[in-house]
Amino acid sequence: MSDAQTLNMSMPQPDIPASFHIMAKPSGARCNLSCRYCFFLKKDRLYPDTPWRMTDEVLESYIRQTIEGQRVPHATIAWQGGEPTLMGIDFFRRAIELENKYRRPGMRIENTLQTNGILLDDEWCRFLKEHDFLVGLSLDGPREMHDAYRVDKAGRPTFDKVMHAARLLQDHQVEFNILATVHAKNGDHPLKVYRFFRDELGARYLQFIPIVERDNDTGFQEGSAVTDRSVGAQQYGHFLVDMFDEWVRRDVGEMFVLNFDGPLANWLGSPSTCIFSPVCGEGMALERNGDLYSCDHFVEPRYFLGNIMETPMVEILASHKQQQFGRAKRDSLPRYCRECEVLFVCNGECPKNRFLMTPDGEPGLNYLCEGYKMFFKHVDRPMRLMAQLLRTGRQASEVMRFYAQEDRTLRESCAHMGRNEPCPCGSGKKVKHCHGTAS
Ligand code: SF4
Ligand code: SF4
């Protein structure tokens, strides 16, 4: 195969976004763990009997085309898996060498690496620090919640190893965020999970991903049954609500939770995460042989777009098929969503989760709808307030003063009420379980 030709960037390219990023999977679906809910392990079946490592030829093409395709002075090189650290440090040293080779003067290049942390050691951490990698570490909360599903090939727990990795990253001052999944086993414990990350781990950047795992043998986005490991829609809604209520009272500006920052961008009028944007399609997934797919969640034959060793990456990105994929997020919304009061922030969330029927029998409703509706309605007032603060050049964290004042007033009112009366804050809880408590 010959390397792809570089597109002449001086020509107008109306369908090519100014910036984009590709999630590269240099080791394909290969992983040193067997997390029970992992949707990616089965993807190995797409490439039977082929080498699992990305070759130097594909690596160079990926880096060169990603850098050359940006019409902005920065680029993100994203490493994902499977488990990318299986490639060894020398693979990433070579990646840095290639980034330096193709970097335009003044261009900032950021590397992100999503890892389960098992292989991280001092040498890895020194490397990640030296090259300013932003690391995403997968950890699902306290020991029993993490070990419920995140196990190694022999089914053994991994909590201690991941905590060791987190401490190493901290010791070496590597910037990292926690990527936690929300599933059947931790979904009822939002505060335990959140406080564990904040108080025991000392993490400041969090992202929560709901596990919605289709129950089928293909590993593709097919069928409407979910496994019993999946989080429930209401359960997820409560998880977000309870965590938000703690965060908005004490941690705004200190803890950064993507599940709150993402929607806040919608309240500000410019969505920043693909799942809450009206259209998507700018985050394609790259397999180790150069094959590109529409998205990390759609590495399936139907969503295969082309190979970057044969067709320039930007041409694939601008292809009718990928453009249509991105627009389908908006164009396939059922009427129930189009008329929804929180459409401006939800936008039907990710198409991979849209496999329910609406109450009026139209297909395409998001499995998490009930939870999102509950969450977005609950946070509407503080989100408006924070958006207003930011628009006027103030800090979103000022919202905490508002809550402190309001909570004081409510506690005073509760002092004169019966313990079993409904709390006047409107939470639906009894006074004794809400603003009637001492704190
Ligand atoms: S399919 Fe989902 S995860 Fe993929 S780009 Fe679209 S919204 Fe994002
Ligand atoms: S909350 Fe439900 S109805 Fe509203 S846009 Fe989201 S998925 Fe659609």
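Residues numbered from 1 in each chain as written. Chains lettered and ligands numbered in written order. Predicted model: local features only at pLDDT ≥ 70, side-chain atom pairs only at ≥ 80, totals over all residues.

Thoughts on the overall build of the protein chain
No. 1: Counting its secondary structure elements, the protein chain contains 14 helices and 12 strands.
No. 2: Over its C-alpha atoms the protein chain spans a radius of gyration of 23 Å, differing by no more than 12% from the 22 Å that the globule rule assigns to 439 residues.
No. 3: When the 439 residues of the protein chain are sorted by exposure, 39% land in the buried category.
No. 4: A separation of at least 24 residues holds for 69% of the contacts in the protein chain among residues at least 6 apart in sequence. (Helix = DSSP H or I, 4+ residues; strand = E, 2+ residues; numbered from the N terminus. Rg over C-alpha atoms; globule rule 2.2 N^0.38 Å. Buried ≥ 20, exposed ≤ 12 C-beta atoms within 10 Å, placed from the backbone. Contact = placed C-beta atoms within 7 Å.)

Examining the site of ligand 1
No. 1: Contacts to ligand 1 come from Cys274, Ile275, Cys280, Gly283, Cys295, His297, Lys329, Cys350, Pro351 and Lys352.
No. 2: Looking at side-chain class alone, the shell around ligand 1 contains 6 nonpolar, 2 polar and 2 charged residues. (Near = placed C-beta within 6 Å. Nonpolar A, V, L, I, M, F, W, Y, C, P; charged D, E, K, R; others polar.)

A word on the environment of Trp247
No. 1: Here Trp247 shows up in helix H7 (residues 233–250).
No. 2: Separated by 10 residues in sequence, Trp247 and Val257 place their C-alpha atoms 8.8 Å apart.
No. 3: If we skip the residues at most four places from it in the chain, Trp247 touches Val252, Met255, Val257 and Phe260.

Considerations on the site of ligand 2
No. 1: In the vicinity of ligand 2, the residues found are Tyr336, Cys337, Cys340, Val342, Leu343, Cys346, Gly348, Asn366, Cys369, Tyr372 and Lys373.
No. 2: At the level of elements, helix H11 (335–338), helix H12 (343–346) and helix H13 (369–391) are the ones that each hand at least two residues to the shell around ligand 2.
No. 3: Per element, the largest residue contribution to the shell around ligand 2 is 3 residues, and it comes from H13.
No. 4: Looking at the shell around ligand 2, its residues break down into 8 nonpolar, 2 polar and 1 charged.

Digging into the sheet that holds strand S6 (residues 205–210)
No. 1: Strand order in this open sheet of 10 strands is S7-S6-S5-S4-S3-S2-S1-S8-S9-S10, and the pairing throughout is mixed. Of all strands in the sheet, those bounded by a partner on one side alone are strand S7 (256–257) and strand S10 (304–307).
No. 2: Alignment of strand S4 (residues 134–138) against strand S5 (residues 176–182), held across 4 bridges, turns out to be parallel. Opposite Ser138, over in S5, you have Leu179 as the bridge partner. (Pairing = 2+ DSSP bridges.)

Description of the nonpolar core
No. 1: By size, the foremost hydrophobic cluster in this structure holds 87 residues, and its most contacted members are Leu137, Leu169 and Met284.
No. 2: Looking at which element gives the most residues to this core, the answer is H7, with 8 residues.
No. 3: Aside from chain neighbours lying at most four places away, what touches Leu169 is Leu120, Cys125, Val135, Leu137, Val174 and Phe176. (Core = buried A, V, L, I, M, F, W, Y, C linked by C-beta atoms within 7 Å.)

Focus on helix H10 (residues 320–331)
No. 1: Regarding H10, the residues found buried are Gln322, Phe325, Gly326 and Lys329. Across the axial projection of H10, the buried residues extend over an arc of 90°, all falling on one side. Every exposed residue of H10 that faces more than 90 degrees away from the buried side is listed here: His320, Gln324 and Asp331.
No. 2: Against S10 and helix H9 (313–317) lie the buried residues of H10. (Arc of directions from axis to C-beta.)

Overview of the environment of Asp217
No. 1: For Asp217, the position within the fold is in the loop between S6 and H7.
No. 2: A count of 8 C-beta atoms within 10 Å places Asp217 in the exposed class.
No. 3: For the pair formed by Asp217 and Lys42, sequence separation is 175 residues and the distance between their alpha carbons is 8.7 Å.

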